[in-house]
Amino acid sequence: MRKPGEVQLVNCTKRFGPTVAVDNIDLKIPAGAYCCLLGPSGCGKTTILRMIAGHETPTSGEVLIDGENVVGLPPVRRGTAMMFQDYALFPHLSCIDNVAFSLKMSGVGKAERRKRAGEVLARVQMAAFADRVPAQLSGGQKQRIALARALITNPRVLLLDEPLSALDEFLRLQMRGELRRMQRDLGITFIHVTHTQPEAIALADLVVVMDHGHIEQAASAQDVYDKPRTAYVARFIGGQNVLAGRVAGVNDGVIVLDLPQRGQIEFPARGEAPTAGSTVYIAVRRDRIHLTKKSAAGKVNAVSGKVSTIEYQGTWVKVTLQQEGGEDFVVNLPDSEFFSDPVNSGDAVWAYWNAADVHRLVGGAGRTDRPYASGQN
Amino acid sequence: MAYMTDRRPWTFYVLAAVFALFVVFLYGPMACIYILSFQGPNGGLTFPLNGTSLYWFGALFHQQRTGDIAGAFARSIPLAIIVLTLTVVFSLAAGLAFRRRFIGAGLIFYIAIASLIVPGLVLSVGTGLGFQLLDIPPRWYSSALGAHLSWTLPFGLLIMFAVFSRLNRSYEEAARDLGATTWQTLRHVVIPIVLPGIIGVALFGFTLSYDEFPRSWLTVGPYNTLPLEIWAMTTNITSPALYALGTVTTAISFVVIVVALTSIALIQSQRTRRRIARERAMQAGS
Amino acid sequence: MKLAVPAKAVPYLEVAPLAIVLLLFFVIPMAMVFVASFFDYNMTGIIKTFTLHNYIDLLTTPTTFDLYLETVKFALIVWAVTLVLGFFVAYFLAFHVRNPLIAIGLLLLCTVPFWTSNIIRMISWIPLLGKYGVFNRALLALGIVDKPVQWLLFSDFAVIVAYVHLFTLFMIVPIFNSMARIDKSLVEAAVDGGANRFRVMTEVIIPLSKTGITLGSIFVITLVMGDFFVVKIMSGGRSASVVMSVFEDVNLLFYPPAAASAVVLLIIVTLIVSFILRVVDVRKELTG
């Protein structure tokens, strides 16, 4: 039997006047998956969430939940429930009445709905707060009530709009774990909108990286981090350096690129054969790079730069290099490696890596031609 | 609410119709007055129009039997201006006071609200009695002025409350940080920011005084303000001169409002223009 | 010249002008009225001796009760009409008009008539409702009636129409203000929980507009109970109000009974207002 909660968007577009918030996207979210929609403000992720919820209608295209097109149906008939970014708890109702709200709307009697609400409150460990009003709660507590209110309807898909953004660091990490556990226990589909990459990678089975209304990559967290599809994804997820080079040639299954800042990159062709002279973008993971104060001029897979900032991060040290006429180049060195031969701000150093750690990217510059519309996600 | 579709629900059309009818309900009667004030010299108090003319406008100012309109204007307008000025200054000061706690704040607040709710007639009776007891003759520039202020000050105070509650204190703290004295902060930071509110208070002060009738009744003394003059005319409604008067007084109110709102709009647009000019200058310089 | 004013004294100085004006022109006049209500009087004027007989006369004559009944009747009818009308106009402006600038513009449109004197706005109904007025002519022309309808003017109907015309704005503005403060995401959360438009209104919007409704109600009720000229003109002298009787007594220079009547009215109005205020803490909302 098919697990419920599979969500699919087919040729979905959403326009707000002249602005295109979501541009003809296709997305399939498997039932029971934890999916994170990731991207900066204005990329369309919240619009997609709201279209699945029923709070926005697509300009064209279909939204399918378990194979049924739900466009035009009110939220309550879709089997979805939404957790709002600022929680949207009714200020004039107590916590238990907030949670019981949807039961009241569907006509459940007072005693029955208070009992069921009490049970759900206990599940989120908020039973003691049943008769308090939202104004008396802290951010984390409000969030649990909002979660309880959404879950009481037994949705097949739970939609979360930046649920952790308003919390402080400690609470955020704690709630992250709880959300994951809850999703596993309930077995339903969670769709979670966020602009924080570590959060998406930590939580999601499926990460959907978005830019200007398009999906740049929809893959597992590991693939998105280790094998980003485009330069945009590589830059947004972080953890990678992006370099662009012109193809000098393909020899013996090895692609050679000329870098504009002097130097060459070589990496395994893996069956590809780009034309000579074309521009190719590649990514190298920041933690797969080493530094040396000795000159590596003339060697492949090495660039030079001046150390601009050094950030200590506990188990690793982030060293940012300023390249001549190029982007910042970031190296994440294990702390033991850094402290065995530390560099200082202003030093001229060389960074080098193995050919096997070079990953080719599709496309390059990203969609800088279309400006973000304000206020849309 | 675009939660189901982007089409408007049927309730929108019903409510829009209700709203439109309401606006007609508000403006319709006044429109009749405006039209009827152009009644021909031989026309009566209701439709139809017996020719059109400006006869009744003239009658307002020239004939004795329609009362002392010109005189009433000459009293109402200066009175309203004085009320406006005092209301702005006193409300602004009191609004500033209420940002902090002080003894008697609650009492003064409730007295102000009470002053708003009390029937104006009762108040003018009391004021008139008071002046009589003290043997001071009531006059439009003394007792009536005070009576009007008892009505406009609570309004001004409430507006100042609304305005100040939205004012972010960090602006004043930043000014203090940069060396401004309390007076400089007030003059260069607070007042410019709350200026639209102050103009609102001025607007209320003027029109509430200009239209005030019950509180003026026993407090103006021997010479009437405009609303009292109108009242005298209504009790012997004999000619469309009354309608002409209605048209004229409305026109004056309208002019005052337009001036007030335009000045607010001008302030806002001037600030925007200055900001754009500064941004351009910065870009050009960099 | 620098004024060395201690910081603590500043608020007192700032609030002083307003407080003094209110003292002189509200507190003292009200005290005058209160005191005058205990004075005796005759045809020539006030006799400054203490007496309770103004109150006794007032509270024992049946006309007092009838007068209050009449005034309260008008107050309740007008309150009901302005509440329903004002609520739906405010609801339309706050929730159905998408552009907030247009909503404010439409609200301003409703407030412009307010700036014209009440008397003029009231008498503007006379050419409309009269025997030869616009309504009757239209009804005759359309054949709905074959003689002019008499009760349109100089009747209870006319009084209520005039009150609604003058005072609905006092309902609209506070209710609109309350509604505009309602977070739109609350409406969406209600929809998400399965509420249709009607239930969103009853479960979310009405509870959260309580302050506006309360303020509007207080304004309208006190305005109607404090009125004397609308009822006099629009009913053609057929109806009376409490303040009208005060007006008439003062015209005859009978201050003491007028004062007593005023005091009783104020007590009743205060009772009504405090009853309404048990619902919400107005000061916190206003200074919020």
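Note that the coordinates shown come from a computational prediction; the quantities given were computed from them, not determined experimentally. (Residues numbered from 1 in each chain as written. Chains lettered and ligands numbered in written order. Predicted model: local features only at pLDDT ≥ 70, side-chain atom pairs only at ≥ 80, totals over all residues.)

1. Observations regarding the overall build of chain B
Defined as follows: Numbered from the N terminus, helices here are DSSP runs of H or I no shorter than four residues, and strands are runs of E no shorter than two. In this treatment the radius of gyration is a C-alpha quantity, and the globule benchmark scales as 2.2 Å times the residue count to the 0.38 power. Exposure classification rests on a simple neighbour count of other C-beta atoms within 10 Å of a residue's own: a residue reaching 20 or more is buried, one at 12 or fewer is exposed, and one in between is partly exposed. C-beta atoms are placed from the backbone. Here, residue contact means that the backbone-derived C-beta atoms of the two residues sit within 7 Å.
If you tally the helices and strands in chain B, you get 10 helices and 0 strands. Its helices and strands taken in sequence order, chain B reads α-α-α-α-α-α-α-α-α-α from the N to the C terminus. Since a compact globule built from 286 residues should have a radius of gyration of about 19 Å, the 24 Å found for chain B marks it as more spread out than a globular shape. Principal-axis analysis of the C-alpha atoms gives chain B an extent of 75 × 65 × 45 Å. When burial is assessed residue by residue, chain B has 41% of its 286 residues classed as buried. Excluding contacts between residues fewer than 6 apart, the proportion of contacts in chain B whose partners are at least 24 apart in sequence is 76%.

2. Some points on the overall build of chain C
Along its length, chain C carries 15 helices and 2 strands. Relative to its length of 288 residues, chain C is extended, with a C-alpha radius of gyration of 24 Å against a globular reference of 19 Å. Dimensions of chain C along its principal axes, counting C-alpha atoms only, are 80 × 70 × 40 Å. Among the 288 residues that make up chain C, the fraction classed as buried is 47%. Residue pairs in contact within chain C that sit at least 24 positions apart in sequence constitute 69% of those at least 6 positions apart.

3. Side note on the interface of chain B and chain C
Rules: Following the grouping adopted for this structure description, the nonpolar residues are Ala, Val, Leu, Ile, Met, Phe, Trp, Tyr, Cys and Pro, the charged ones are Asp, Glu, Lys and Arg, and the polar ones are all others, Gly among them.
Listed per partner, the contact involves 68 residues of chain B and 67 residues of chain C. Mapped by element, the contributors of at least two residues to the side of chain B that touches chain C are α1 (10-36), α3 (69-97), α4 (105-117), α5 (120-133), α6 (143-165), α8 (182-211), α9 (226-235) and α10 (241-285) of chain B. With 16 residues, α1(B) is the single largest residue contributor to the side of chain B that touches chain C. Residues belonging to the side of chain B that touches chain C are distributed by class as follows: 49 nonpolar, 17 polar and 2 charged.

4. Things to note about the sheet that holds strand β19 (residues 348-352) of chain A
All names here are of chain A. Here is the rule we go by: The pairing criterion is simple: DSSP has to find at least two bridges between the two strands. Interaxial angles span 0 to 180 degrees and are taken between N-to-C directions of axes, which are lines fitted to C-alpha atoms, for helices over the stretch in contact.
As summarised here, the arrangement of the 5 strands in space is β15-β19-β16-β17-β18, forming an open sheet in which the pairing is antiparallel. Across the chains shown, the open sheet's two edge strands, defined by having one partner strand only, are β15 (290-292) and β18 (328-334). Each neighbouring strand pair of the sheet contributes to a mean axis angle of 45 degrees, computed without reference to strand direction. Summarising the sheet, β15 and β19 pair through 3 bridges and their orientation is antiparallel. If you follow Thr292 over to β19, its bridge partner there is Trp350.

5. Some thoughts on α8(B)
Formally: An expected span of 1.5 Å times one less than the residue number is assigned to each helix. In this scheme, the bend at a residue equals the angle between the axes fitted to the seven residues that finish there and the seven that begin there.
Counted at 1.5 Å a residue, the expected span for α8(B) with its 30 residues is 44 Å, but the 37 Å between its end C-alpha atoms falls short. Bending of α8(B) peaks at approximately 65 degrees at the position of Leu195(B), with proline Pro196(B) no more than four residues after it.

6. Focus on the sheet that holds strand β2 (residues 19-29) of chain A
Working definition: the strands of a sheet are paired by backbone hydrogen bonds and lie parallel or antiparallel to each other. Residues and elements named next belong to chain A. With antiparallel pairing, 4 strands are arranged side by side in an open sheet as β2-β1-β4-β5. On the outer flanks of this sheet lie β2 and β5 (68-69), each paired with one strand and no other. The sheet contact formed by strand β1 (residues 7-16) and strand β4 (residues 60-65) spans 5 bridges and is antiparallel. Of the residues in β4, the one forming a bridge with Val7 is Ile65. Set on the sheet, helix α1 (residues 45-53) makes contact with β1, β2 and β4; between it and β1 the angle comes to about 115 degrees.

7. Section: the nonpolar core
In plain terms, the rule: By definition, a nonpolar core groups buried Ala, Val, Leu, Ile, Met, Phe, Trp, Tyr and Cys residues that are joined through C-beta atoms within 7 Å.
Judged by nonpolar contacts, the single largest core of 145 residues is most densely connected at Ala162(C), Val220(C) and Ala262(C). Sorting elements by how many residues they give to this core places helix α8 (residues 156-180) of chain C first, with 14 residues. Contacts of Ala162(C), omitting those with residues within four sequence positions, involve Met122(C), Trp125(C), Val230(C) and Met234(C). Membership of the second largest hydrophobic core comes to 110 residues, among which are Phe84(A), Ala88(A), Ala146(A) and Tyr225(A).

8. Details of the pairing of strand β2 (residues 45-50) of chain C
All names here are of chain C. Little of β2 is tucked away: 0 of the 6 residues are buried. Note: strand β1 (residues 39-42) against β2, 4 bridges, orientation antiparallel. The residue of β2 that forms the bridge with Phe39 is Phe50. Between β1 and the antiparallel strand that follows it, β2, lie 2 residues.

9. Observations concerning the packing of α6(B) against α8(B)
Residue and element names in this part refer to chain B. Counted only if it meets this: In what follows, roughly perpendicular refers to angles from 65 to 115 degrees, roughly parallel to angles under 35, roughly antiparallel to angles over 145, and oblique to any angle outside these ranges. Throughout, a crossing is termed right-handed when the near helix is turned clockwise from the far one, and left-handed when it is turned anticlockwise from it by less than a right angle.
Following both chains from N to C, one finds α6 and α8 inclined at 160 degrees, their axes separated by 9 Å at the closest point. Viewed along their axes, α6 and α8 adopt a mutual orientation that is roughly antiparallel. Here α6 and α8 pass one another in a crossing that is right-handed. From α6, His148, Trp151, Thr152, Phe155, Gly156, Ile159, Met160 and Val163 reach across to α8, where they touch Val194, Gly197, Gly200, Val201, Phe204, Gly205, Leu208 and Ser209. Looking at the contact of α6 with α8, its residues break down into 9 nonpolar, 7 polar and no charged.

10. Here we look at the environment of Pro138(B)
Mapped onto the elements of the fold, Pro138(B) is located in the loop between α5 and α6. Along the primary structure Pro138(B) and Thr249(B) are separated by 111 residues, whereas in three dimensions their C-alpha atoms are 25 Å apart.

11. With respect to the confidence of the model for chain C
The condition that has to hold: Scored from 0 to 100, pLDDT records how confident the predictor is in each individual residue.
Overall, the prediction assigns chain C a mean pLDDT of 86, with 95% of residues at 70 or greater. With a pTM of 0.83, the predicted complex shows an ipTM of 0.85.

12. With respect to unusual backbone geometry
Residues and elements named next belong to chain A. Positive phi, normally seen in glycine, also occurs at Arg270, with a value near 50 degrees. Positionally, Arg270 belongs in the loop between β13 (264-268) and β14 (279-285). Within the chain, Asn301 stands out as a residue other than glycine whose phi angle is a positive 50 degrees. Within the secondary structure, Asn301 is located in the loop between β15 and β16 (302-312).

13. Considerations on the environment of Leu261(B)
Within the secondary structure layout, Leu261(B) lies in helix α10. Expressed as a C-alpha distance, the spacing of Leu261(B) and Pro214(B), which sit 47 residues apart in the sequence, is 28 Å.

14. Points about the environment of Gly118(A)
Along the chain, the position of Gly118(A) falls in helix α4 (residues 110-123). Once residues lying within four places of it in the same chain are set aside, the contact partners of Gly118(A) are Ile96(A), Ala127(A) and Ala130(A).

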